[in-house]
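Observations on the three-dimensional arrangement
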Amino acid sequence: MGSVPRDEPSGVSLSRVAETDQRPPGREVLHMLAPQASDCNTCVVYGDDVGQSLLDQVEDAERELRAAAEADRAGGPDGSDADLQRYFDEVIAADQKIEPRDWIPEAYRKGLVRQIAQHAHSEIIGMQPEGNWISRAPSLKRKAILLAKVQDEAGHGLYLYAAAETLGVAREELVQMLLDGRQKYSSIFNYPTLTWADIGAIGWLVDGAAIVNQVPLCRCSYGPYARAMIRICKEESFHQRQGFEILYTLANGTGAQRRMAQDAVDRWWYPSLAMFGPPDTASTHSEQSMAWKIKRFSNDDLRQRFVDMCVQQASVLGLAIPDPDLRWNAERGSYDFTDPDYDELFRVIKGNGPCNRQRMAYRHRAYDDGAWVREAAAAHAAKRRAEAA
Ligand code: FAQ
């Protein structure tokens, strides 16, 4: 690999980054831009009084989870291997939740640990590209918002590590697997954040893709993962909104700010489409994962849903999606679009993306720097145990 692009504001002076306050009057509230709320699919994402938003879907999933927890689970297994499997299959078929107390097939456990751990690692590594701009955010308000968002990502990582631990794997073990490369994290976090507009593009596109992928995970068959996803999705919807608002501000600012916003969208569009994974024909886990109701939709279905959602939002932003072949297909009732470069996705997953080495070097350093905190916490816990004994 050639030189590694660093997360530097290449060729962009901070004065160009400064925001304008000259927003068109009355345009702060995105929903107001559409003649009717139903014409503006920012409502579909963020929720309002009209129609079913993604947040409504999260709330439906939360109700289902509570109902499942209270449901009578008569007809439990008699303890024989065949009956344990029968009971597991019935719980899945009935759309009930598998809980840590339940017997599960080893392959279900392994598949969940793989996905949840990769998801947790993504949240933690995902703090780096945005963390890169905390000290350079263009105003105190933007800095406070970005700090809160990056802290949220750390919290998401913790919910997810905790969910994985209910499957009998220690968090320390998972962290070691990330550090020695046995487990991966999302491809998207191996791209550099070159300008302030990238923070807007990450919020709009990366968090947007994350929400489209993760709302169905609120209905995952494994209770602890589903519960973690409900909290995460509620926070992600705010993240997407703040990214949209950054881009909206820049797109309505000076010519230079507008160009910066478009450039960020141009660079983040295809990597965001690749977040959904390989095409269905090349997805190794989808079939089994969908049979177990871990995943509810295929990679391609979710990618299509994301494209359809973004097109109208891009027009509200006044920014172009960098795909000359993007067009409405009336027959399918969806947009035709150009796929991301899947060879590039696999190169990035294998460790050869623009920032893989930088991200992992930073993670190793942060882990080593935190050793004294782990040691102090362990010593304190041992002291408390000794006092209580
Ligand atoms: N990057 O058979 P499939 C976020 C791997 S969180 C890297 O289709 P599956 C929030 C896949 O693991 C973003 N690897 O796999 C945020 C498998 O490899 P393996 C993370 C990828 O599991 C915002 C192989 O390719 N979100 O953004 C990728 O059925 C801003 C074959 O693929 C999640 O993790 C990829 N893009 O479907 C945070 C959501 N795609 O394990 C901070 C939960 C595929 O056999 C700032 N995960 N691979 O070695 C999922 O929904 C699924 O795991 C998929 C992949 C859809 C990612």
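Predicted model only: the values in this text are computed from it and were never measured.

1. Description of the packing of aromatic side chains
Within the structure shown, the criterion is met by nine aromatic pairs. Considering the side-chain rings of Trp328 and Tyr335, the 5.0 Å spacing of their centres and the 70° angle between planes classify their relative orientation as edge-to-face. Given the relative accessible area of 49%, Trp328 is considered partly exposed. The exposure class of Tyr335 is partly exposed, given its relative accessible area of 21%.

2. A short note on the pattern of salt bridges
Should their charged atoms come close, side chains of opposite charge can pair. Applying the stated criterion across every chain yields a total of 19 salt bridges. Residue Asp60 is joined to Arg63 by a salt bridge in which the shortest nitrogen-to-oxygen separation is 2.5 Å. Within this pair, Asp60 and its partner Arg63 are both found in helix H3 (residues 54-70), separated by three residues, close to a single helical turn. Take Asp60: its relative accessible area is 29%, and that puts it in the partly exposed class. For Asp180, the salt bridge is made with Arg182, and the minimal N-O distance between the two is 2.9 Å. Connected through salt bridges with shared partners, the residues Glu130, Lys149, Glu153 and Asp207 form a single ionic network.

3. Some thoughts on the packing of helix H7 (residues 140-165) against helix H8 (residues 171-179)
The contact between H7 and H8 brings their axes to 9 Å, and the two run at 115°. Comparing their axes, H8 and H7 come out roughly perpendicular. At the point where H7 passes H8, the crossing takes the right-handed sense. Counted together, Leu158, Tyr161, Ala164 and Glu165 of H7 and Arg171, Leu174 and Val175 of H8 form the full contact between these two elements. A class-by-class count of the residues in the contact of H7 with H8 yields five nonpolar, no polar and two charged.

4. Some thoughts on the side chain of Arg363
Along the chain, Arg363 turns up in helix H15 (residues 356-369). As a buried residue without a salt bridge, Arg363 has its nearest oppositely charged side chain in Asp368, at a separation of 9.2 Å. Arg363 has contacts with Ile124, Ile125, Gln128, Leu178 and Leu179, leaving out every residue within four places of it along the chain.

Calculation notes
- Residue positions within a chain follow its written sequence, with the count starting from 1.
- The predicted origin of the model limits local features to residues at a pLDDT of at least 70 and limits the giving and counting of side-chain atom pairs to 80 or more, whereas totals for whole chains, interfaces and linings rest on all residues.
- Side-chain numbers come from the whole structure's heavy atoms, not from hydrogens or water.
- Centre distance within 6.5 Å is the pairing criterion for rings of Phe, Tyr and Trp, where only the six-membered ring of Trp is used; planes under 30 degrees apart are then read as stacked, over 60 as edge-to-face, and the remainder as tilted.
- Relative accessibility thresholds used throughout: buried, under 20% of the residue-type maximum; exposed, over 50%; partly exposed, between the two (1.4 Å probe, protein chains only).
- A pairing counts as a salt bridge when a side-chain nitrogen of Lys or Arg comes within 4 Å of a carboxyl oxygen of Asp or Glu.
- Secondary structure counts use DSSP, requiring at least four H or I residues in a row for a helix and at least two E residues in a row for a strand, with both numbered from the N terminus.
- In this analysis an axis means a line fitted to C-alpha atoms, helices contributing only their contacting stretch, and an angle means the value between N-to-C directions, from 0 to 180 degrees.
- For classification purposes, an angle smaller than 35 degrees is called roughly parallel, one larger than 145 roughly antiparallel, one from 65 to 115 roughly perpendicular, and anything else oblique.
- Handedness of each helix crossing follows the sense of rotation of the near helix against the far helix: counterclockwise by less than a right angle gives left-handed, clockwise gives right-handed.
- Every residue pair with non-hydrogen atoms within 4.5 Å of one another is taken to be in contact.
- When residue character is reported, Ala, Val, Leu, Ile, Met, Phe, Trp, Tyr, Cys and Pro are called nonpolar, Asp, Glu, Lys and Arg charged, and the others, Gly included, polar.
- For the charge count, each Lys or Arg is scored as positive and each Asp or Glu as negative, with His and the chain ends excluded.

So yeah, pure geometry; function would need other evidence.
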